[in-house]
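This is what each chain is made of:
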Amino acid sequence: MKRKNEEVENEKVKVSKIKLLRMNYKENPAFRALVKLLLYFIFFAVIISVVAFNDIPSESNLKDTTKNPAEEVVEPKNYKDMLNETVLNNNFFKYEININGEIKILEYTILNNNFNGTLETSNGVTKFEFKDNNFYEIRFNEEIQNNELFNGLNLEYINIYSLISLVSNSKALKMINDDKTVYNYTIDASIISVTTNEEKIEKIEITEENSIYSILV
């Protein structure tokens, strides 16, 4: 019986407290403002907590945004480096030469500063070697000196070393076409065009009055 009386008294206290709060809220402006301020505080605390939680990157997002060293962008090579690499990293060169409509195919390799290759014309294919500043025609494994073998051709152009040295020491007009870059030189009566991509020289073309030299690197 005593316990029931205590429970009844507690309920009365709770009810009286609620009534007191209601009365203060209705009749006391300061108390009403304090309650509103508390509610605003709770509201903004919830909003900030939600935003902060959403801004925390997940493990999958961290993996997606982490740079993989193997996928880093490679910067394009310097043009001067490409010119140097043309003669340093290659030992085979092929020319297609058009002289007044007549096509000549020149192919050669470079080994120890000696040039060995073939010259193909409408008269057939001739094997040759260039060493000690002389041209030699090779017939049945015999070397026959023939410095007239390349008459009518510009020796400065068909010697890749001379050609690269020539453009390296000349000024060019740079033109960008999609993913290609073309360097145009006007030297004497010739126009030399060097086409590159981001990694290397792809083609060199030399245009004279009556002839065109196309070099595939």
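To be clear, the structure that these remarks concern was listed above.
Residue positions are given per chain, counted from 1 along the sequence in the order it is written. The model is predicted, so local features are restricted to residues of pLDDT at least 70 and side-chain atom pairs to those at 80 or more, both for listing and for counting; the totals for chains, interfaces and linings are taken over all residues. Calculated side-chain values reflect all of the structure's heavy atoms, with hydrogen atoms and water omitted.

## Topic: the nonpolar core
Here is step 1 of the chain: Formed by 36 residues in total, the largest nonpolar core has its most connected members in Tyr95 and Ile192.
Here is step 2 of the chain: For this core, the leading source of residues is helix α6 (residues 160-168), giving five residues.
Here is step 3 of the chain: With residues up to four places along the chain from it excluded, the contact list for Tyr95 reads Lys104, Ile105, Leu106, Tyr108, Tyr157, Ile158, Asn159, Ile160, Leu163, Tyr213, Ser214 and Ile215. By nonpolar core we mean a set of buried residues, namely Ala, Val, Leu, Ile, Met, Phe, Trp, Tyr and Cys, connected to one another through side-chain atoms within 4.5 Å. Exposure categories follow from relative accessible area, calculated using a 1.4 Å probe and restricted to protein chains: below 20% of the type maximum is buried, above 50% is exposed, and the middle band is partly exposed. Under the DSSP-based scheme used, a helix requires at least four consecutive residues in state H or I and a strand at least two consecutive residues in state E, with every element numbered from the N terminus. When checking whether two residues touch, look at their non-hydrogen atoms; a contact exists if any pair is within 4.5 Å.

## Comments concerning a negative patch on the surface
Here is step 1 of the chain: Patch construction takes residues with relative accessible area above 30% that form no salt bridge. Like charges are linked within 9 Å, and nonpolar side chains (Val, Leu, Ile, Met, Phe, Trp, Tyr) are linked within 5 Å. Accessible surface is estimated by sampling points in the Shrake-Rupley manner with a 1.4 Å probe; for residues, cover comes only from the protein chains shown. Take a side-chain nitrogen of Lys or Arg and a carboxyl oxygen of Asp or Glu: if they are within 4 Å of each other, that pair is a salt bridge. Positive: Lys, Arg. Negative: Asp, Glu. His and the chain ends are not part of the count. Lys charges are placed at NZ, Arg charges at CZ, Asp charges at CG and Glu charges at CD. Among the surface-exposed residues, Asp178, Asp179, Glu198 and Glu199 lie close enough to one another that they form a single negatively charged patch.
Here is step 2 of the chain: Among the structural elements, Glu198 can be located in the loop between β9 (190-196) and β10 (201-207).

## Topic: the packing of helix α4 (residues 79-88) against α6
Here is step 1 of the chain: In the contact formed by α4 and α6, the axes pass within 10 Å of each other and the chain directions differ by 170°. Comparing the axis directions of α4 and α6 gives the class roughly antiparallel. The segment α4 lies against α6, with Lys80, Leu83, Thr86 and Val87 engaging Ile160, Tyr161, Ile164, Val167 and Ser168.
Here is step 2 of the chain: Residues that form the contact of α4 with α6 fall into these classes: six nonpolar, two polar and one charged. For helices, the fitted axis covers only the stretch in contact; all axes are lines through C-alpha atoms, and the angles between them, taken along N-to-C directions, range from 0 to 180 degrees. Angle categories: roughly parallel below 35 degrees, roughly antiparallel above 145, roughly perpendicular from 65 to 115, and oblique for all the rest. Ten residue types, Ala, Val, Leu, Ile, Met, Phe, Trp, Tyr, Cys and Pro, are classed as nonpolar, four, Asp, Glu, Lys and Arg, as charged, and the remainder, Gly among them, as polar.

## Looking at the sheet that holds strand β8 (residues 180-187)
Here is step 1 of the chain: Note on pairing: two strands pair once DSSP finds at least 2 bridges between them. One open sheet accounts for eleven strands, arranged β6-β5-β4-β3-β2-β1-β11-β10-β9-β8-β7; its pairing is antiparallel. The two strands at the open ends of the sheet, each matched to only one other strand, are β6 (142-145) and β7 (173-177). Each neighbouring strand pair of the sheet contributes to a mean axis angle of 25°, computed without reference to strand direction.
Here is step 2 of the chain: Note: β8 against β9, seven bridges, orientation antiparallel. What sits directly across from Val182, in β9, is Thr195.

## Focus: the pairing of strand β5 (residues 134-139)
Here is step 1 of the chain: Sheet topology note: the strand β4 (residues 124-131)/β5 ladder contains five bridges and is antiparallel. Bridging across to β5, Lys127 finds its partner in Ile138.
Here is step 2 of the chain: Between β4 and the antiparallel strand that follows it, β5, lie two residues; Asp132 among them carries a positive phi value of about 55°.
Here is step 3 of the chain: Examined bridge by bridge, β5 and β6 share four bridges and lie antiparallel to one another.

## Some thoughts on the environment of Thr121
Here is step 1 of the chain: Residue position: Thr121 is located in strand β3 (residues 114-121).
Here is step 2 of the chain: Considered as a pair, Thr121 and Leu106 are 15 residues apart in the sequence and their alpha carbons are 8.9 Å apart.
Here is step 3 of the chain: Ignoring any residue separated from it by four or fewer positions in sequence, one finds Thr121 in contact with Ile103 and Lys104.

## Focus on the pattern of salt bridges
Here is step 1 of the chain: For the structure on display, the rule yields six salt bridges.
Here is step 2 of the chain: A salt bridge links Lys104 to Glu102; its shortest N-O distance comes to 3.6 Å.
Here is step 3 of the chain: You can call Lys104 buried: its relative accessible area is 15%.

## Some thoughts on unusual backbone geometry
Here is step 1 of the chain: With phi around 55°, Asp132 is a residue other than glycine that occupies positive phi space.
Here is step 2 of the chain: Summarising the element assignment, Asp132 is placed in the loop between β4 and β5.
Here is step 3 of the chain: Asp132 sits in the exposed class, given a relative accessible area of 63%.

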